[in-house]
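As a plain string of letters, each chain reads:
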Amino acid sequence: FIFFTGCSSPQSSQPTPTSPPTPVVTATPESRTVTVALSEMALQLSDMNSDYRIKDRSVIPFQEVDQFKRDIGWKEGYFVHFYRLDKDKDDQTIVRPSIDIFLPENINKVFKAEKEEMKSRANVSSTFYEIPFPMVGDMSIAFRETQAGNPYEYVVYKVLFSKKNVYEKIIMTCSNTYYEALKTLTQRAAEKIR
């Protein structure tokens, strides 16, 4: 019998299994500029109660923007004008949100300037004052104005807020108090900014 033996080598050990490298996840900073068209960020009729109507909806022309805003990088603007009328209750409400886009580095300047202008009015008028309001967006503030001597006893709310590179102002004029509705509406407006 002839036996052939093969070359023998020391028995190799099995390789130790290694887990694949874990990818390193780095958080990318959230963009400070919006990526959605202004008309899409504006409140829609579907955001309002069913008894509201649209009176107007338009871009804001450059000629209607004050010089201060132009100087600090105003890019474009948009507004909507909603209204509701309940003749049975002699109740009328107007809601006018306006949205302006600025250079991201100047959005704080815009908000602070508008806030200071409102606060200066509150300091000289007993009918115009700052009110508590939930935080909206990156910065926000709200004011209430009562119109003494007005036969309809209108109340005007003004909410100012900024988010990303957007400055938004919502003005609600009403013959009844709709503070809670205004809070909900303002939150919806902020959620549309993306």
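For the structure given in this document, a descriptive report is provided here.

Conventions we followed
Residues numbered from 1 in each chain as written. Predicted model: local features only at pLDDT ≥ 70, side-chain atom pairs only at ≥ 80, totals over all residues. Heavy atoms only, no water. Helix = DSSP H or I, 4+ residues; strand = E, 2+ residues; numbered from the N terminus. Contact = heavy atoms within 4.5 Å. Areas by Shrake-Rupley, 256 points an atom, 1.4 Å probe, with all protein chains shown as cover. Phe/Tyr/Trp six-rings, centres within 6.5 Å; stacked < 30°, edge-to-face > 60°. Buried < 20%, exposed > 50% of the residue type's maximum accessible area, 1.4 Å probe, protein only. Salt bridge = Lys/Arg side-chain N within 4 Å of Asp/Glu carboxyl O. Expected span 1.5 Å × (residues − 1). Arc of directions from axis to C-beta. Core = buried A, V, L, I, M, F, W, Y, C linked by side-chain atoms within 4.5 Å.

**Some words on the overall build of the chain**
- From N to C terminus, the chain includes four helices and seven strands.
- Along its sequence from the N terminus, the chain presents helices and strands in the succession α-β-α-β-β-α-β-β-β-β-α.
- Partitioning the intrachain contacts of the chain with sequence separation of at least 6 by distance along the chain shows that 59% fall at a separation of at least 24.
- Accessible surface, the chain as shown: approximately 12,300 Å² in total, 52% of it carbon and sulfur.

**Concerning the packing of aromatic side chains**
- If you walk through the whole model with that rule in mind, you get four aromatic pairs.
- Between the aromatic rings of F62 and W74, the centroid separation amounts to 6.2 Å while the plane-to-plane angle is 50 degrees, which identifies the pairing as tilted. Placement of F62 in the loop between strand 1 (53-59) and helix 2 (67-71) and of W74 in strand 2 (residues 74-86) is noted, with a sequence separation of 12 residues between them.
- The exposure class of F62 is partly exposed, given its relative accessible area of 43%.
- Judged by centre distance (6.0 Å) and plane angle (85 degrees), the ring pair of F133 and Y179 falls under edge-to-face.

**Here we look at the pattern of salt bridges**
- Evaluation of the coordinates by the stated rule reveals 10 salt bridges.
- The residue E114 makes a salt bridge to K69 at a minimum N-O spacing of 3.7 Å. Of this pair, E114 sits in helix 3 (residues 107-124) while K69 is found in helix 2, placing the two residues 45 residues apart along the sequence.
- On the basis of relative accessible area, E114 is assigned to the buried category, the value being 12%.
- In this structure K69 comes out as buried when scored by relative accessible area, which is 11%.

**So, helix 4 (residues 179-191)**
- Along its 13 residues, helix 4 runs 19 Å from first to last C-alpha, staying within 8% of the 18 Å computed at 1.5 Å per residue.
- Within helix 4 the residues assigned to the buried category are L182, L185, T186, A189 and A190. Projected down its long axis, helix 4 shows its buried positions confined to an angular sector of 140 degrees, all on one face.
- Along its buried surface, helix 4 packs onto helix 1 (38-41), strand 3 (91-102), strand 6 (155-163) and strand 7 (166-174).

**A short note on unusual backbone geometry**
- The backbone of K164 shows a phi angle near 55 degrees, a positive value even though the residue is not glycine.
- In this structure, K164 sits in the loop between strand 6 and strand 7.

**Section: the nonpolar core**
- By size, the foremost hydrophobic cluster in this structure holds 31 residues, and its most contacted members are M41, V95 and F161.
- Where this core is concerned, the elements lending two or more residues are helix 1, strand 2, strand 3, strand 6, strand 7 and helix 4.
- Among residues more than four places away in sequence, those in contact with V95 are M48, Y52, V80, H81, F82, I170, I171, M172 and L185.
- Residues A122, F143, L160 and Y167 belong to the second largest nonpolar core, which totals 17 residues.

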